[in-house]
Amino acid sequence: STSPSKRLADYDDTWGGQAYPFPITLRGSSLGGLVSRGYLRAYPQRAKDVESIVMVGTPNFGVITRFMPHLVRLFRIPDRAIDDLSHDSDFLAWLNGTGGHWERNSRTRSNAWVLDREPYLGPVGTRCYVVAGILTAPRYGGRGDGVVGYDSASLGSRFPTHYVVEIGRAHV
């Protein structure tokens, strides 16, 4: 089977310009935001056709996969996609142009995923925006939308981000 980014490129080859005027805005929710970024990572020559990318609840750092078996059943996500969502996956290392490691934050007494170097954000001239959720429920501690942490969504504050405060609802 072909990747979602390849299918989008094939669609552009067939219908681009006829179905919609260029440049376009790509919008991806959750894994779809990674597909949008992956499209421009795999096909940088198409950046002239993309004005911007809007990512909603997208795990740009990845997610902690211990929660994934539950999400697989809930959202019926293919297992291969789940592997790619892991913070230490080969896919995210390729997409971001870097790997990462865990680092202890002595102030918060928690671990944080830290990239080894500055990540690839996208082709020059392509604007990327993020919409990230913040749950106010105490068990989430305002660190994200219940699935994707705000640090992961914003790629460590590297993307301009609009935060949506959610009360009692998870994953924007």
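This text gives an overview of the structure that appears in the document. Bear in mind the structure is a predicted one, so any value in this text is a computation, not a measurement. Residue numbers run consecutively from 1 along every chain, following the written order of its sequence. Note on the predicted model: pLDDT of at least 70 is required for a residue's local features to be given, and 80 or more for side-chain atom pairs to be given and counted; whole-chain, interface and lining totals, by contrast, use all residues. Side-chain measures here rest on the full set of heavy atoms in the structure, leaving out hydrogens and waters.

**What about the overall build of the chain?**
Step number 1: Within the chain, the regular secondary structure consists of 6 helices and 6 strands.
Step number 2: The secondary structure listing takes helices from DSSP runs of H or I that are at least 4 residues long and strands from runs of E that are at least 2 residues long, numbered from the N terminus. The order of α-helices and β-strands along the chain, N terminus first, is α-β-α-β-α-α-α-β-β-β-α-β.
Step number 3: Relative accessibility thresholds used throughout: buried, under 20% of the residue-type maximum; exposed, over 50%; partly exposed, between the two (1.4 Å probe, protein chains only). Out of the 172 residues belonging to the chain, those deemed buried represent 38%.
Step number 4: The criterion used for residue contact is that any of the two residues' heavy atoms lie within 4.5 Å. Sequence-distant contacts, at least 24 apart, represent 66% of the contacts inside the chain between residues at least 6 apart.
Step number 5: When the accessible surface of the chain is summed, it comes to about 9900 Å², and 54% of that surface belongs to carbon and sulfur atoms. Computed with the Shrake-Rupley method and a 1.4 Å probe, the accessible areas treat only the protein chains shown as cover for residues.

**With respect to the pattern of salt bridges**
Step number 1: One speaks of a salt bridge when a side-chain nitrogen belonging to Lys or Arg is within 4 Å of a carboxyl oxygen belonging to Asp or Glu. One pass over the full model with this rule turns up 3 salt bridges.
Step number 2: Residue E51 is joined to R127 by a salt bridge in which the shortest nitrogen-to-oxygen separation is 2.7 Å. With E51 in strand β2 (residues 50-56) and R127 in strand β5 (residues 127-135), this pair connects stretches of sequence that are 76 residues apart.
Step number 3: Given the relative accessible area of 35%, E51 is considered partly exposed.
Step number 4: Owing to a relative accessible area of 40%, R127 belongs among the partly exposed residues under this scheme.

**Re the packing of aromatic side chains**
Step number 1: Each Phe, Tyr or Trp ring (for Trp, its six-membered ring) is paired with any other whose centre lies within 6.5 Å, and the angle between the two planes then decides the class: stacked below 30 degrees, edge-to-face above 60, tilted in between. Here the structure, examined in full by the defined rule, presents 4 aromatic pairs.
Step number 2: Here, a charge over a ring means that NZ of Lys or CZ of Arg falls within 6 Å of the ring centre while also lying within 35 degrees of the ring normal. Sitting above the plane of the Y120 ring, R41 keeps its charged end 4.1 Å from the centroid.

**Some remarks on empty space enclosed by the protein**
Step number 1: Cavity: a set of points on a 1 Å grid over the protein atoms alone where a 1.4 Å probe fits but cannot get out. Pocket: an open set with protein on both sides within 12 Å along at least five of seven lines, its lining residues, like those of a cavity, having an atom within 4 Å of a point. Grid points are joined across faces, edges and corners, and a volume is the space filled by probe spheres set on the points. Overall, the coordinates contain 1 cavity of 30 Å³ or more when judged by the stated rule.
Step number 2: Size it by volume and the largest cavity reaches roughly 30 Å³.
Step number 3: Residue lining of the largest cavity: R37, L40, R41, I53, Y120, L121, G122 and P123, and that is the complete set.
Step number 4: With 3 residues, helix α2 (residues 31-42) is the largest single contributor of residues to the lining of the largest cavity.
Step number 5: Note on residue categories: nonpolar means Ala, Val, Leu, Ile, Met, Phe, Trp, Tyr, Cys or Pro, charged means Asp, Glu, Lys or Arg, and polar means any other residue, Gly included. Residue classes in the lining of the largest cavity are distributed as 5 nonpolar, 1 polar and 2 charged.

**Overview of α2**
The α-helix winds at 3.6 residues per turn, so residues separated by three or four positions along the chain end up facing the same way.
Step number 1: Spanning 12 residues, α2 covers 16 Å between terminal C-alpha atoms, matching the ideal 16 Å at 1.5 Å per step.
Step number 2: Along α2, the positions that sit buried rather than exposed are G33, L34, S36, R37, G38, Y39 and L40. Helix span, expected: 1.5 Å multiplied by one less than the number of residues in the helix.

**Focus on the nonpolar core**
Step number 1: The criterion is simple. A nonpolar core is a set of buried Ala, Val, Leu, Ile, Met, Phe, Trp, Tyr and Cys residues joined through side-chain atoms within 4.5 Å. Residues Y39, V50 and I53 are the most contacted members of the largest nonpolar core, which totals 26 residues.
Step number 2: Breaking this core down by element, the ones donating at least two residues are β1 (24-29), α2, β2, α4 (79-85), α5 (90-96), β4 (110-115) and β5.
Step number 3: For I53, the contacting residues outside a window of four places in its chain are L26, S36, R37, L40, T126, R127, C128 and Y129.

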